[in-house]
Amino acid sequence: MPIAQRVARTLKRNELTLVPPEIEKYLSGLDHDPHPLLDMIERYAATQSFRDGARIIPFPIVGRLVGKIIYQLALMNRAERVFELGSGFGYSAYWFAKAMGRRGELFLTDGSAENLVRAETFLSQIPDGPAIHCMEGDALASLSRTKGSFDIIFLDLDKSSYPEAYSRALKRIRRGGLLIADNTLWSGKVADVRVQDADTRGIRKFNKLIFSNPALVSTILPVRDGLAVCLKK
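Basis of the calculations
By convention here, each chain's residues receive numbers from 1 onward along its written sequence. In view of the model being predicted, local features appear only for residues whose pLDDT reaches at least 70, and side-chain atom pairs are presented and counted only at 80 or more, with totals across whole chains, interfaces and linings using the full set of residues. The side-chain values count all of the structure's non-hydrogen atoms but skip hydrogen atoms and water molecules. The helix and strand labels rest on DSSP assignments: H or I over at least four residues marks a helix, E over at least two residues marks a strand, and numbering proceeds from the N terminus. Atoms counted for the radius of gyration: C-alpha only. Globule rule: 2.2 Å times the number of residues to the power 0.38. We call a residue buried when its accessible area falls under 20% of the maximum for its residue type, exposed when it is over 50%, and partly exposed in between, using a 1.4 Å probe and counting protein chains only. Residue contacts are counted whenever heavy atoms from the two residues lie within 4.5 Å of one another. Calculation of accessible area relied on Shrake-Rupley with a 1.4 Å probe; when residues are assessed, cover is drawn exclusively from the protein chains displayed. Under the counting rule used here, the positive set is Lys and Arg, the negative set is Asp and Glu, and His together with the chain ends is not counted. Working definition for charges: the position is that of NZ of Lys, CZ of Arg, CG of Asp or CD of Glu. What counts as a salt bridge is simple: a side-chain nitrogen of Lys or Arg found within 4 Å of a carboxyl oxygen of Asp or Glu. Our arc is simply the arc of the directions from the helix axis toward the C-beta atoms. Note on definitions: angles span 0 to 180 degrees between N-to-C directions of axes, and those axes are lines fitted to C-alpha atoms, for helices only across the stretch in contact. To sort the angles, those under 35 degrees are grouped as roughly parallel, those over 145 as roughly antiparallel, those from 65 to 115 as roughly perpendicular, and the leftovers as oblique. Each crossing gets its handedness from the near helix: less than a right angle anticlockwise from the far helix is left-handed, clockwise is right-handed. Gly falls in the polar group here, along with every residue not listed as nonpolar (Ala, Val, Leu, Ile, Met, Phe, Trp, Tyr, Cys, Pro) or charged (Asp, Glu, Lys, Arg). In protein, a polar contact means a hydrogen-donor-capable atom and an acceptor-capable atom, both N or O and within 3.5 Å, with residues adjacent in sequence counting only if both atoms are side-chain atoms; elsewhere, any N or O pair within 3.5 Å suffices. In this scheme, strands are said to pair when DSSP sees at least two bridges between them. In predicted models, pLDDT denotes the confidence assigned by the predictor to each residue on a 0 to 100 scale. Note on handedness: a crossover is taken as right-handed if, strands pointing away from the viewer, the path from the first strand over the helix to the second is clockwise.

### A closer look at the overall build of the protein
Helix and strand counts for the protein stand at 9 helices and 9 strands. For 233 residues, the compact-globule estimate of 2.2 N^0.38 gives 17 Å, and the protein sits close to it at 17 Å. In terms of its C-alpha atoms, the protein occupies a principal-axis envelope of roughly 50 × 40 × 35 Å. Here the protein holds 233 residues, and 49% of them are scored as buried. By sequence separation, contacts in the protein at least 24 residues apart represent 68% of the contacts at least 6 residues apart. When the accessible area of the protein is evaluated, it comes to approximately 11,700 Å², of which 55% is carbon and sulfur surface. With 33 positive and 26 negative side-chain charges, the protein shows a separation of 5 Å between the mean positions of the two kinds.

### Quick word on unusual backbone geometry
If you check the backbone angles, N183 has positive phi at about 65° while not being a glycine. Positive phi is not limited to glycine here, since W186 has a value of about 50°. For W186, the position within the fold is in the loop between strand 7 (173-182) and helix 9 (198-212).

### Brief notes about the pattern of salt bridges
Taken as a whole and assessed by the stated rule, the structure comprises 12 salt bridges. Members of the salt-bridge network, linked through shared partners, are D31, D33 and K68.

### Quick look at helix 8 (residues 162-170)
An α-helical turn contains 3.6 residues, so a residue and the one three or four places further along point in the same direction. Taken residue by residue, helix 8 has Y162, P163, A165, Y166, A169 and L170 as its buried positions. All buried residues of helix 8 lie within an arc of 160° about the axis, which places them on one face of the element.

### Some thoughts on the packing of helix 3 (residues 36-45) against helix 5 (residues 91-100)
One way to put it is that helix 3 packs onto helix 5 with a least axis distance of 10 Å and a crossing angle of 170°. Comparing their axes, helix 5 and helix 3 come out roughly antiparallel. As helix 3 runs across helix 5, the sense of the crossing is right-handed. Contacts between helix 3 and helix 5 pair L37, L38, I41 and E42 from the former with Y91, Y94 and W95 from the latter. Of the residues in the contact of helix 3 with helix 5, the class split is 6 nonpolar, no polar and 1 charged.

### Overview of the side chain of T109
Note that T109 resides in strand 4 (residues 105-110). Under the relative-accessibility criterion, T109 is labelled buried at 0%. Engagement of the side chain of T109 in a polar contact is seen with the backbone oxygen of E84, the distance being 2.7 Å. Here G86 takes part through its backbone nitrogen, which lies 2.9 Å from a polar atom of the side chain of T109. Excluding residues that lie within four positions of it along the chain, T109 makes contacts with F83, E84, L85, G86, S87, G88, L116, M135, A139 and S142.

### Topic: the sheet that holds strand 4
The mixed open sheet is built from 7 strands, whose spatial order is 5-4-3-6-7-9-8. The open sheet has two free edges, formed respectively by strand 5 (131-136) and strand 8 (216-221), since each of these has just one partner strand. Taking each pair of neighbouring strands and ignoring which way they run, the sheet shows an average axis angle of 15°. Sheet strands touched by helix 8: strand 3 (81-85), strand 6 (150-155), strand 7, strand 8 and strand 9 (227-232). Its angle to strand 7, the strand with the most contacts, is close to 160°. Sheet strands touched by helix 9: strand 6, strand 7, strand 8 and strand 9. Its angle to strand 8, the strand with the most contacts, is close to 135°.

### Focus on the confidence of the model for the protein
Low pLDDT marks stretches whose predicted atomic positions should not be read closely. On average, residues of the protein score 91 in pLDDT, and 92% of them reach the 70 mark or higher. Contacts for the low-pLDDT stretch residues 7-15, under 50 throughout, to residues beyond four places or in other chains number 20 contacts.

### Some thoughts on the pairing of strand 3
In terms of burial, strand 3 is largely enclosed, as 5 of its 5 residues are buried. Here strand 3 shows a buried face lined by R81, F83 and L85 and a second buried face lined by V82 and E84. Looking at chain direction, strand 3 and strand 4 are connected through 3 bridges and run parallel. Considered in strand 4, the bridge of R81 is made with E105. With respect to chirality, the unit in which strand 3 leads through helix 5 into the neighbouring parallel strand 4 is right-handed. Sheet topology note: the strand 3/strand 6 ladder contains 4 bridges and is parallel. Across the sheet, the residue bridging to V82 is I152, located in strand 6.

Right, here's the structure in full:
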């Protein structure tokens, strides 16, 4: 059975993982930190879906395992300015906001005004949280309109746009900053040469770009749907 088909069988509600479900469950069970607001966001996510071509699929979120990673990376980086290219209703933003606290500035982008209102409502409940800037419309256009450099830029927009997002984002990240991208293993489809849709080709090209650039130290963590972490030297 092709890898993409095997991985697709693990898609339940808004959960996607490349590791065996038993390992996912074990790792998730190690975290006993209370996150009541996150529980609320996850309950909301479980009620949401959207159309992908002919399919109706659950609204994707990065999940707690990836969330804890980006939280840790933001802490280690001492991030104070983070830009998200694709935010949905604020699940990944929750983790960045928790890491930055009141000293931070967090920029959210989404094509849906309703998603951004929901995100702002959720994130405003974080005690001593960062300043939140919600930008409706094309994420890359929003990045172009925003001045200054960033400690972290997080990619989670249309996958066919990843190569262009790479090109634009890299110029805006400070030295020592991070480019982080979700879905870089794309349900295993990146490893199946028979899959040639625009999204898969976009992710393959992005992955080649980050590993061929000597100005970056890049890795892809095979957790959930693949998380790329790139340090700008």
